[in-house]
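What follows is each chain in one-letter form.
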Amino acid sequence: MATLIPDLAQARLLVVKIGSALLVGPEGLKGEWLRALCDDVAEARQRGTNVVLVSSGAIALGRKVLDLPAGALSLEQSQAAAAVGQIRLARAYEEALAPHGVKTAQLLLTLDDTTDRRRYLNSRATMQTLLGLGVVPIVNENDTVATDEIRYGDNDRLAAQIAVTCGADQLLLLSDVDGLYTANPKTDPSAVHLPLVEHITPEIDAMGGDPVSGLSKGGMKTKLMAARTAVAGGCAMAIAEGSVLNPLSAVAAGARVTWFLPESDPHAARKRWIAAMKPKGEVTVDDGAAAALGRGKSLLPAGVTVVSGDFGRGEPVVILDRQGNRAGCGLMRYSAEEARRIAGHRSDEITAILGYPGRAALIHRDDMVIG
């Protein structure tokens, strides 16, 4: 049976990572290229594909404005350049997408934001809300506050984590290479291009190289690290040469790329991740809530009769039916103390009980495994 290669035009949710060298040149922002990319983004949205952009370029833009010297920058210089460049980068995307009637939003994240469960859930909820409102999120590492200990260090891995966080089915890394080769094609004429990687083996890992561009932090090694994260999360990933105008259209039309196939679909991968967590507590539900969960509904406070354990928001709990049988497990959207206060109450009573607005569900169906 032939392997089915992913089709960019069929993506439900596409995350696109843009490297610095594509967006910023010696003269500054490459406006024509950016406008062509945004034409592609608008076209993708018209055919029903949600798009998230993970864009490098803030430091490269800012260092030019600040006239910082060539070569490596100190952490403080990088953060200053990012502070200057981020506002210009966000404005550039806003202006390029506005003629298409597309709204944009800027999200600045650090490694801590995707490894801490509470921050992870906040990031995911924000992303889902923005996409539901028809907004294109522009994501970058928050270089202005990140220290070496909480940095991704490159947007390849950040893009992969974003793809997994928001449940994307495809991730496209636009770079200065058109995919993975058996060796560095710039130095080895015998290097062979690999159009498809079904499994990331030690041999594939050994093909990673160093960054080629002076503006780019990520080399093939970081792209392979990103691929591992993406495919484990059920997301197909492609590495494509992005310097051509309308790079998304080029990939959709069959330009040479390397596709990495997902290990499963994003939904199934997320469910396995939740099921493997060690529970921090239990919630017991009434018969009506148990029946609703079986129909794929979220768990509302009104259906909860008992809350046990000491857990924080975003931590896993076991769901028990009235007889004490395991009905499932999931990630709580409230702490144990908050859950005990609102258990048995309608969702529209949450604000009055807690004194601040809350989410309608204790456990959303996307964060739940039944059985």
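Throughout, residues of each chain are indexed from 1 in the direction in which the sequence is written. Under the rules for a predicted model, residues below a pLDDT of 70 receive no local features and side-chain atom pairs below 80 are neither given nor counted, while totals for whole chains, interfaces and linings still include all residues. Note that the side-chain values use all heavy atoms of the structure and ignore hydrogens as well as water.

For strand S1 (residues 13-18), the buried fraction is high: six of the six residues fall into the buried class. The cut-offs for exposure are 20% and 50% of the maximum accessible area for each residue type, with area from a 1.4 Å probe on protein chains only; residues under the lower value are buried, those over the upper are exposed, and the others partly exposed. By the criteria applied, helices consist of DSSP H or I runs no shorter than four residues and strands consist of E runs no shorter than two, each listed in order from the N terminus. Burial along S1 is two-sided: Leu 13, Val 15 and Lys 17 facing one way and Leu 14, Val 16 and Ile 18 facing the other are all buried. Should DSSP find at least two bridges between two strands, the strands are taken to pair. Where S1 and strand S4 (residues 50-55) come together, six bridges link them in parallel fashion. Looking across to S4, one finds that Leu 14 is bridged to Val 51.

On to the sheet that holds strand S12 (residues 257-260), then. Ordered in space as S5-S6-S4-S1-S7-S11-S12-S10, the eight strands form an open sheet in which the pairing is mixed. At either margin of the open sheet sits one strand with a lone partner, and together these are strand S5 (103-109) and strand S10 (196-197). The criterion used for residue contact is that any of the two residues' heavy atoms lie within 4.5 Å. Note on method: axes are straight lines fitted to C-alpha atoms, helices fitted across the in-contact stretch only, with angles between N-to-C directions ranging 0 to 180 degrees. Where helix H2 (residues 31-46) meets the sheet, its contacts fall on S1, S4, strand S6 (135-141) and strand S7 (170-175), and the angle it forms with S4 comes to roughly 155°. The strands that helix H4 (residues 75-97) touches are S1, S4, S5 and S6; relative to S5, the one it contacts most, it runs at about 155°.

On to helix H12 (residues 287-294). Inspection of H12 places Ala 289, Ala 292 and Leu 293 among the buried residues, and these make up the whole buried set. Angularly, the buried residues of H12 cover 100° about the axis, an arc narrow enough to put them on a single face. On the buried face of H12, the contacting elements are strand S13 (281-285), strand S15 (316-320) and strand S17 (368-370). Each polar contact in these results corresponds to two N or O atoms within 3.5 Å; when the atoms are within protein, one needs to be able to donate a hydrogen and the other to accept it, and residues that are neighboring in sequence are counted only if both atoms are side-chain atoms. Capping the start of H12 is the job of one residue whose side-chain oxygen sits 3.2 Å from the backbone nitrogen of Gly 288: Asp 286. Where H12 terminates, the next one or two residues include Gly 296, which has phi positive at roughly 90°. What the arc covers is the set of directions going from the helix axis to the C-beta atoms.

Limitation: the analysis is restricted to geometry and does not speak to function.
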